[in-house]
Amino acid sequence: MKGDSSLTAGPALRAILPALLLLVLGACKQPPDEVVTTQSSMEERGLVAIKQVGCGACHEIRGIDWPRGRAGPSLMGFDDKTPIAGELANTPAALAAFIRNAPAVVPGSTMPPMPVTEREARDIAAYLYSRQDD
């Protein structure tokens, strides 16, 4: 195997792989000083939309006592969870797009498109982000 440079590339790659992994994982979560702030009117409308659309049938959500769905992930403390659906940056815009049409945003998502307007999706996102300290 004279002249085979792949033998020397292996140890070099193994040496930098842990650093690359930490860099990638560190980029997944929002820095603590990038807390999402919302308007209370959006949060109130978001809770109304959540109840009307029935998000609680699949998700556990703060402020929704019944139903407490288990088919989808819990949305308790949503602001701490990243990335959205394992793929999207945890931002209000990404969340609103995902709420409206999850399969279009993340192909293969089991969450169905939801019958909400763009404004309702933004309001739902605002509500979920407002539950930071609950």
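Being a predicted model, the structure only gives us computed values, none of them experimental.

The rules behind each value
Residues numbered from 1 in each chain as written. Predicted model: local features only at pLDDT ≥ 70, side-chain atom pairs only at ≥ 80, totals over all residues. Heavy atoms only, no water. Salt bridge = Lys/Arg side-chain N within 4 Å of Asp/Glu carboxyl O. Buried < 20%, exposed > 50% of the residue type's maximum accessible area, 1.4 Å probe, protein only. pLDDT = per-residue confidence, 0-100. Helix = DSSP H or I, 4+ residues; strand = E, 2+ residues; numbered from the N terminus. Contact = heavy atoms within 4.5 Å. Core = buried A, V, L, I, M, F, W, Y, C linked by side-chain atoms within 4.5 Å. Polar contact = N/O pair within 3.5 Å; in protein donor to acceptor, adjacent residues only side chain to side chain.

## Focus: the pattern of salt bridges
Applying the stated criterion across every chain yields a total of six salt bridges. D65 is the salt-bridge partner of R68, the closest N and O atoms lying 4.0 Å from each other. Using a relative accessible area of 35% as the deciding quantity, one classes R68 as partly exposed. Assessed through its relative accessible area of 65%, D65 is described here as exposed.

## Observations regarding the confidence of the model for the protein
Here the protein averages 77 in pLDDT, while 66% of its residues score no lower than 70. The secondary structure element of the protein with the lowest average pLDDT is helix α1 (residues 6–26), at 50, and the one with the highest is helix α4 (residues 102–105), at 96. Under a pLDDT of 50 for its full length, residues 19–35 has, in the predicted model, seven contacts with residues more than four places off or in other chains.

## What to know about the environment of I50
Assignment of secondary structure puts I50 in helix α2 (residues 40–53). I50 sits in the buried class, given a relative accessible area of 2%. Taking the C-alpha atoms as reference points, I50 and L128, 78 residues apart in sequence, are found 9.8 Å from one another. Setting aside residues up to four positions removed in sequence, I50 forms contacts with C55, I61, I64, I124, Y127 and L128.

## Focus: unusual backbone geometry
In this structure, P67 follows W66 across a cis peptide bond, with omega equal to -5 degrees. Within the secondary structure, P67 is located in the loop between α2 and α3 (92–100). Although it is not a glycine, A85 adopts a positive phi angle of roughly 55 degrees. Tracing the backbone shows A85 in the loop between α2 and α3.

## Some details on the nonpolar core
Core analysis: the largest hydrophobic core is formed by 24 residues, its most contacted members being I50, I61 and L128. For this core, the element with the most residues is helix α5 (residues 118–130), which contributes six residues.

## Side note on α3
By the burial criterion, the buried members of α3 are A94, L95, A96, F98 and I99. Elements that come into contact with the buried residues of α3 comprise α4 and α5.

## Some points on the side chain of S130
The topology assignment puts S130 in helix α5. With relative accessibility at 19%, the residue S130 sits in the buried group. Engagement of the side chain of S130 in a polar contact is seen with the backbone oxygen of Y127, the distance being 2.7 Å.

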